[in-house]
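Chain by chain, the residues run as shown.
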Amino acid sequence: MTDRIAPTPLPLAGVRVVELSSFVAAPLCGMTLAQLGAEVIRVDPLRGGPDFDRWPVTREGTSIYWTGLNKGKRSVTVDLKSTAGHDLVRRLIVESGPSGGIVLTNTAGREWLSYDSLVRERPDVIHLEIHGRADRSTGVDYTVNAATGFPYVTGPVTHAGPVNHALPVWDVTCGLYAALALVSAIRRRDATGEGTAATLALENVALATAGNLGFLTEAQVNGTSRERIGNDVYGQYGHDFESGDGNRFMVVALTARHFRDLADVTGTSGTIAGIEESLGVDFDLEADRYRYRQVLHGLFGDWFARHTTAEVTTALQATSVLFERYRSFAELASDERVTANPMFRTLDQPGIGEYLATGLPVAFDGRHPAAAPAPIGGGDTFAVLAERLGLSDNDIAALGDAGTVRTGSPHSTRRQDHP
């Protein structure tokens, strides 16, 4: 019966966004808006953006990276070096109806695309520009991260140099902050009729996170920098252990109950009570569990080493202990967390084929908005110009003849072979 009920329209249904972007943060923002129901029109150079062929790619050269971050968008390719191209993009922004006039970009320094220029034509324009740094200079996740302190607390305890994390966390966080900023600006415009000029710096996202989580405050107030502790959990009891058959588990005991259950299942309760008495500590306190973690690692590690993966899993599942076995991406891709997860749907992506693609993590009325294919580069150019600007076939053909627009994938002129 529930399946017959029409789904509630998504929150941003009817909203129109024009996106000029590349790499992670801005495309992720646009894709998030699209998954929330907005019509997001990507505008790229005629030969595709700088990330159009970014690895990983299929053996035929289609970027798995690009398609993953641009699901559900429409694609228009325009000569962004020409005045005619600039005018066309500006019209897409300015003439996009009452729910349009929204610009998302990380291509700074283009006067024709600036808020000051656009607001003269559309006073309620919403303009979000993402920068690398607060002074509007360039910066990417990898360089921003290098200056945040996190590489010096990442990696093995015995490692002396910095260790970069594999996840572009600042890009991802910045993309979600950007989506929040645009949704907030849309709400304000709906209430007041006012537009917004918003800027967001990748570096500020990293600095705000370091401050919010106490890393900077700790240094300012205590005069200390966070120590490198490998896979332990700072201030809590958490550690990775290896089972007898060679698999590794991350185990976390956040509460006194978690810790007592871990002691019980590993048969170390008596020994731990003796340690508490001899040291004058109380392992019900997370601070004491953290301070004496090396002693505890040895006790628990022996139990893990004497049991198989299946035995460890069965025993811990019967407790309140928080744990998980480490998995590779290849293992995860075939795990039921993906294959049986309603957030994933089979998607037939041109250039890639069928695969399980992620929709929006948020479920509305019990449903995850499903993933839609990423566009073929320039594949929506003619349709968008006809629908949004009312251009005739002859008008569009003339733009094509002049080299102002094009259709067809940039892969016809650009390709990187798979290694």
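Quick caveat: nothing in here was measured; it's all calculated off a predicted structure.

Undergrad: Tell me about the pattern of salt bridges, residues and numbers included.
TA: Considering all chains together, one arrives at 25 salt bridges under this definition. Here Lys-73 and Glu-19 are joined by a salt bridge, their closest N and O atoms 2.9 Å apart. On the criterion of sequence distance, the pair formed by Lys-73 in the loop between helix 2 (64-69) and strand 3 (74-78) and Glu-19 in strand 1 (residues 16-20) is long-range, its members being 54 residues apart. A residue is classified by how much of its surface remains accessible, and Lys-73, at 5% relative accessible area, is buried.

Undergrad: So, the layout of surface pockets: which residues are in play, and what are the values?
TA: In this structure, the largest pocket occupies an estimated 1,100 Å³ of space. Surrounding the largest pocket, 25 residues form its lining, Ile-64, Gly-68, Lys-71, Phe-329 and Thr-358 being those nearest its centre. The set of elements that each furnish at least two residues to the lining of the largest pocket consists of helix 1 (25-35), helix 2, helix 14 (329-333) and strand 11 (353-358). When the residues that make up the lining of the largest pocket are grouped by side-chain class, the tally is 21 nonpolar, two polar and two charged. Estimates place the volume of the second largest pocket at around 760 Å³. Taken together, 21 residues form the lining of the second largest pocket, with Val-153, Thr-154, His-165, Gly-230 and Asn-231 sitting closest to its centre. Looking at the lining of the second largest pocket residue by residue, the classes come out as 13 nonpolar, five polar and three charged.

Undergrad: I'd like a description of unusual backbone geometry, backed by residues and values.
TA: Glycine aside, negative phi is the norm for most residues, and most peptide bonds take the trans geometry. For the bond running from Trp-55 to Pro-56, omega is 5°, close enough to zero to count as cis. Relative to the helices and strands, Pro-56 resides in the loop between strand 2 (39-44) and helix 2. Even without being a glycine, Arg-136 presents a positive backbone phi close to 75°. Here Arg-136 lies in the loop between strand 5 (126-131) and helix 5 (141-146). Positive phi is not limited to glycine here, since Asp-365 has a value of about 55°. With respect to the secondary-structure elements, Asp-365 resides in the loop between strand 11 and helix 16 (381-389). For Asp-365, a relative accessible area of 61% translates into the label exposed.

The rules we used
- Residue positions are given per chain, counted from 1 along the sequence in the order it is written.
- For this predicted model, a pLDDT threshold of at least 70 governs which residues receive local features, and a threshold of 80 or more governs which side-chain atom pairs are given and counted, while totals over whole chains, interfaces and linings are taken from all residues.
- The side-chain values count all of the structure's non-hydrogen atoms but skip hydrogen atoms and water molecules.
- Just to be clear on terms, a salt bridge is a Lys or Arg side-chain nitrogen sitting within 4 Å of an Asp or Glu carboxyl oxygen.
- By the criteria applied, helices consist of DSSP H or I runs no shorter than four residues and strands consist of E runs no shorter than two, each listed in order from the N terminus.
- Think of it in three bands: residues with accessible area under 20% of the maximum for their type are buried, residues over 50% are exposed, and the middle band is partly exposed, with areas taken using a 1.4 Å probe on protein chains only.
- In this analysis the probe radius is 1.4 Å and the grid spacing 1 Å, with only protein atoms considered; a cavity is a set of points the probe fits into but cannot get out of, a pocket is an open set with protein on both sides within 12 Å along at least five of seven lines, and lining residues have an atom within 4 Å of a point.
- Grid points are joined across faces, edges and corners, and a volume is the space filled by probe spheres set on the points.
- The classification used treats Ala, Val, Leu, Ile, Met, Phe, Trp, Tyr, Cys and Pro as nonpolar, Asp, Glu, Lys and Arg as charged, and all other residues, Gly among them, as polar.

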